[in-house]
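Listed below are the residues making up each chain.
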Amino acid sequence: MDLSLSQKQALVPTGCLRAALNHGNFVLVSRDEQHQPMGISVDLARAFAKAAGLDLDFVEYDRAADVSASADRGAWDICFLAVDPKRAETLDFTQPYIRIDGRYLAGPHCDLADADALVAAGAKVGSVEGSAYTLTLARQKGAEHLVPFPTLAESLAALDAGEVAAIAGIGEAMAHEAAKRPGSRVLSPPFMEIRQAMAMPQGRPEAARILKDWLAGAARSGLIGDILERHGVARSCALMPD
């Protein structure tokens, strides 16, 4: 990209691109041996900053809810979150660039056959407050049986204690947790397709246009597919712009 000074100022009012990272989604963000952030979101932020000729800094959060709640505080310039109508009230989203399954992890004490049976039975399902899948499930059948917890660790503790029959989460994360819990299993089918996008706070139309154009070009060029494969995610999970 060849950006003018005014365009750069629209993107980075503080002079440095501040990218918010959500450590609640380990498919997109994790840490290396030096405890530094790494992952798909990190590589995308670096690629965008390089293309725009901007310095980059990371603003790190433990949960998606913390990222979206800070959208109007001027704490960051871009973020990486799942698209949701509630979040779109304060965030200007790009088109999604990756799809991730939302799935239920059933505890060993739950004998329901699949995700549909879980909902039909009215079983209690734990979830993480403010996550994209919680926002979605709260609008669907069975919402009255949803039990929100502040963190994934707390929802897993409730599952282990038998307080909920299952928990909702990102498919890969649920499979990871199932492997540590004999008798537990990830239910089919997925209850949703989580579409991850980049975003920035509402009210910055010029900056939002630049980000959307760049991400669309990154998808068409294969850059996003390359980044996904680098972090062990199938290239087929990448979404192409309309």
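Presented here is an overview of the structure given in this document.

Basis of the calculations
Residues numbered from 1 in each chain as written. Predicted model: local features only at pLDDT ≥ 70, side-chain atom pairs only at ≥ 80, totals over all residues. Heavy atoms only, no water. Helix = DSSP H or I, 4+ residues; strand = E, 2+ residues; numbered from the N terminus. Buried < 20%, exposed > 50% of the residue type's maximum accessible area, 1.4 Å probe, protein only. Contact = heavy atoms within 4.5 Å. Areas by Shrake-Rupley, 256 points an atom, 1.4 Å probe, with all protein chains shown as cover. Lys, Arg positive; Asp, Glu negative; His and termini not counted. Charge placed at Lys NZ, Arg CZ, Asp CG, Glu CD. Arc of directions from axis to C-beta. Core = buried A, V, L, I, M, F, W, Y, C linked by side-chain atoms within 4.5 Å. Salt bridge = Lys/Arg side-chain N within 4 Å of Asp/Glu carboxyl O. Polar contact = N/O pair within 3.5 Å; in protein donor to acceptor, adjacent residues only side chain to side chain. Pairing = 2+ DSSP bridges. Phe/Tyr/Trp six-rings, centres within 6.5 Å; stacked < 30°, edge-to-face > 60°.

**Remarks on the overall build of the protein**
For step 1, the next point in the chain: Secondary structure summary: the protein contains 9 helices and 12 strands in total.
For step 2, the next point in the chain: In terms of its C-alpha atoms, the protein occupies a principal-axis envelope of roughly 60 × 40 × 30 Å.
For step 3, the next point in the chain: Buried positions account for 50% of the 242 residues belonging to the protein.
For step 4, the next point in the chain: Considering only contacts within the protein whose residues lie at least 6 apart along the sequence, 70% involve residues at least 24 apart.
For step 5, the next point in the chain: Working note: accessible area of the protein is about 11,100 Å², and carbon and sulfur atoms make up 51% of it.
For step 6, the next point in the chain: With 24 positive and 31 negative side-chain charges, the protein shows a spacing of 3 Å between the two charge centroids.

**A few points about helix 7 (residues 171-178)**
For an α-helix, the turn length of 3.6 residues means that residues three or four places apart are oriented alike.
For step 1, the next point in the chain: Those residues of helix 7 that sit buried are G171, A173, M174, E177 and A178. One face of helix 7 carries all of its buried residues, which in axial projection span an arc of 160°.
For step 2, the next point in the chain: Lining the buried residues of helix 7 we find strand 7 (98-106), helix 6 (152-160), strand 10 (166-170) and strand 11 (185-186).

**Description of the nonpolar core**
For step 1, the next point in the chain: Grouped together as the largest cluster of nonpolar side chains are 70 residues, with contacts concentrated most on L11, Y97 and L118.
For step 2, the next point in the chain: Filtering out sequence-adjacent residues up to four positions away, L11 remains in contact with L3, F48, A52, L54, D77, M200, R204, A207 and I210.
For step 3, the next point in the chain: With 12 residues, the next largest nonpolar core counts Y61, V67, L81 and L91 among its residues.

**Things to note about the pattern of salt bridges**
For step 1, the next point in the chain: Taken as a whole and judged by the stated rule, the model has 18 salt bridges.
For step 2, the next point in the chain: For R235, the salt bridge identified is with E229, shortest N-O distance 3.3 Å.
For step 3, the next point in the chain: The class of R235 is partly exposed, set by a relative accessible area of 35%.
For step 4, the next point in the chain: Residue class for E229 comes out partly exposed when judged on its relative accessible area of 46%.
For step 5, the next point in the chain: Each of D160, E177, K180 and R181 takes part in one network of salt bridges that share partners.

**Some words on the side chain of Q196**
For step 1, the next point in the chain: Turning to its location among the elements, Q196 is positioned in strand 12 (residues 192-201).
For step 2, the next point in the chain: For Q196, a relative accessible area of 5% gives the class buried.
For step 3, the next point in the chain: Within polar-contact distance, the side chain of Q196 engages the backbone nitrogen of A82 at 3.2 Å.

**Quick notes on the pairing of strand 1 (residues 17-22)**
For step 1, the next point in the chain: Of all the 6 residues making up strand 1, 6 are buried; the element is thus mostly covered by neighbouring parts of the structure.
For step 2, the next point in the chain: As paired strands, strand 1 and strand 4 (residues 56-61) are joined by 6 bridges and run parallel to one another. Along strand 4, the bridge assignment pairs A19 with F58.

**Some details on the packing of aromatic side chains**
For step 1, the next point in the chain: Under the counting rule described, the total for this entry stands at 2 aromatic pairs.
For step 2, the next point in the chain: Pairing Y104 with F191 gives two aromatic rings, centres 4.6 Å apart and planes at 35°, and the pair type is tilted. Within this pair, whereas Y104 is found in strand 7, its partner F191 is found in the loop between strand 11 and strand 12, the two being separated by 87 residues in sequence. Across this residue pair, the class does not change: Y104 and F191 are buried.

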